[in-house]
Amino acid sequence: MAIAQAMCTAFKKELMLGTHNFATNGNAFKLALFAEGSGGKSSTTATLGATTTAFATTGEVASSGTYATGGGTLTKVAPSTSGTTALTDFADLSFTTATITAMGALIYNSTNSNKAVAVLDFTSNKTSTSGTFTIQFPTADASNAIIRIA
Amino acid sequence: MDVLDLGTGTAGLVNVMTSDHGGLSDEQIVDLVLDKILLVSNDAPPVIKEQALLFRENIREVLYSYVEFTKKQERATITQTLAKAGHEDLANIIRRL
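From a predicted model like this one, the values you see are computed outputs, not experimental measurements.

About the criteria used
- Residue numbers restart at each chain and count upward from 1, following the sequence in its written direction.
- Here the convention is simple: chains get letters from A, ligands get numbers from 1, in the order in which they are written.
- Two thresholds apply to this predicted model, a pLDDT of at least 70 for residue-level local features and 80 or more for giving and counting side-chain atom pairs, whereas whole-chain, interface and lining totals are computed over all residues.
- For the purposes of this entry, the term helix denotes a DSSP run of H or I that reaches at least four residues, the term strand denotes a run of E that reaches at least two, and both are numbered from the N terminus.
- The reference for a compact globule is 2.2 Å times residues^0.38; the radius of gyration itself is calculated from the C-alpha atoms.
- In this usage, the nonpolar core is the set of buried Ala, Val, Leu, Ile, Met, Phe, Trp, Tyr and Cys residues whose C-beta atoms join them within 7 Å.
- Exposure in this text rests on C-beta crowding, where 20 or more other C-beta atoms within 10 Å of a residue's own make it buried, 12 or fewer make it exposed, and counts in between make it partly exposed. The C-beta atoms are placed from the backbone.
- The contact criterion used is a C-beta to C-beta distance within 7 Å, with each C-beta placed from the backbone.
- Residues were grouped as follows: Ala, Val, Leu, Ile, Met, Phe, Trp, Tyr, Cys and Pro as nonpolar; Asp, Glu, Lys and Arg as charged; and all remaining residues, including Gly, as polar.
- When DSSP locates at least two bridges between a pair of strands, those strands are taken to pair.

**Quick word on the overall build of chain A**
Within chain A one finds one helix and eight strands. Secondary structure of chain A in N-to-C order comes out as β-α-β-β-β-β-β-β-β. Its C-alpha radius of gyration of 15 Å places chain A within 12% of the 15 Å reference for a compact globule of 150 residues. C-alpha extents for chain A along the principal axes are approximately 45 × 25 × 25 Å.

**Section: the nonpolar core**
In this structure, Phe34, Ala102, Ala105, Leu106, Ile107 and Ala118 of chain A are the most contacted members of the largest nonpolar core, which totals 47 residues. Among the elements of the structure, strand E2 (29-34), strand E5 (85-90), strand E6 (93-109) and strand E7 (115-136) of chain A together with strand E2 (15-18) and helix H1 (26-37) of chain B are those that each provide at least two residues to this core. Among the elements that line this core, the one with the most residues is E6 of chain A, at 10 residues. Residues within four places of leucine 106 of chain A in sequence aside, it is in contact with Ala32, Phe34, Leu48, Thr52, Phe55, Ala116 and Val119 of chain A.

**Some details on the interface of chain B and chain A**
Taken together, the contact between chain B and chain A spans 25 residues of the former and 30 residues of the latter. For the side of chain B that touches chain A, the secondary-structure elements that each account for two or more residues are strand E1 (4-5), E2, strand E3 (20-22) and H1 of chain B. Ranked by residues supplied to the side of chain B that touches chain A, first place goes to E2 of chain B with four residues. Taken together, the residues that form the side of chain B that touches chain A break down as 11 nonpolar, nine polar and five charged. In terms of strand pairing, E7 of chain A meets E3 of chain B through two bridges, oriented parallel. Looking at the pairing, glycine 131 of chain A lines up with glycine 22 of chain B of E3 of chain B.

This is the structure:
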């Protein structure tokens, strides 16, 4: 599979190195959309997964509507804990008046050399045509939050 | 064993919602909100699960009516603003949405 859901291995190491700061006044994180097959720019195909180390434009969807190359900036929710689990979350992200077909996304740290955080696999192509493309993050709890340290 | 875990179950995945030739529908917006308010576990005891699902449907109806109301109010404000600025034709287009 060219796009496989994963928390990037490099990100796990970088957490230990203090590379990523998810505080609301910390680093900036972005979400970029990627296509499999011919949906990406110049018909390139994304290969994303646990081994992804940084954002690259290969296979990224083209700019359309409010989606610009490089993706949208995520609004961070301050890290918290639930029981023995630490978690962080982002506000849902929407691109409007956009014609997009995407199979997945990459969350990356745009403050620190575009280092990869996590790959999201939509499992099937999601398409908007001159419409809204919304990514809703899961409930921010110990069982579901997008990024958890349990 | 402690693990660094990215949610990979159904609930842990992001939910993508799209629309064509316009914004999300009232129903889609309500679905987005409902997923944030109330998740019903598949493992919940049947009686509790049934009550939770019933509660979820009640919330859905309330949310739907207020989403619709909010959109109408927003359109009313836009219509008035356009009409005041002399764009009666545009105001009428918005009014008919």
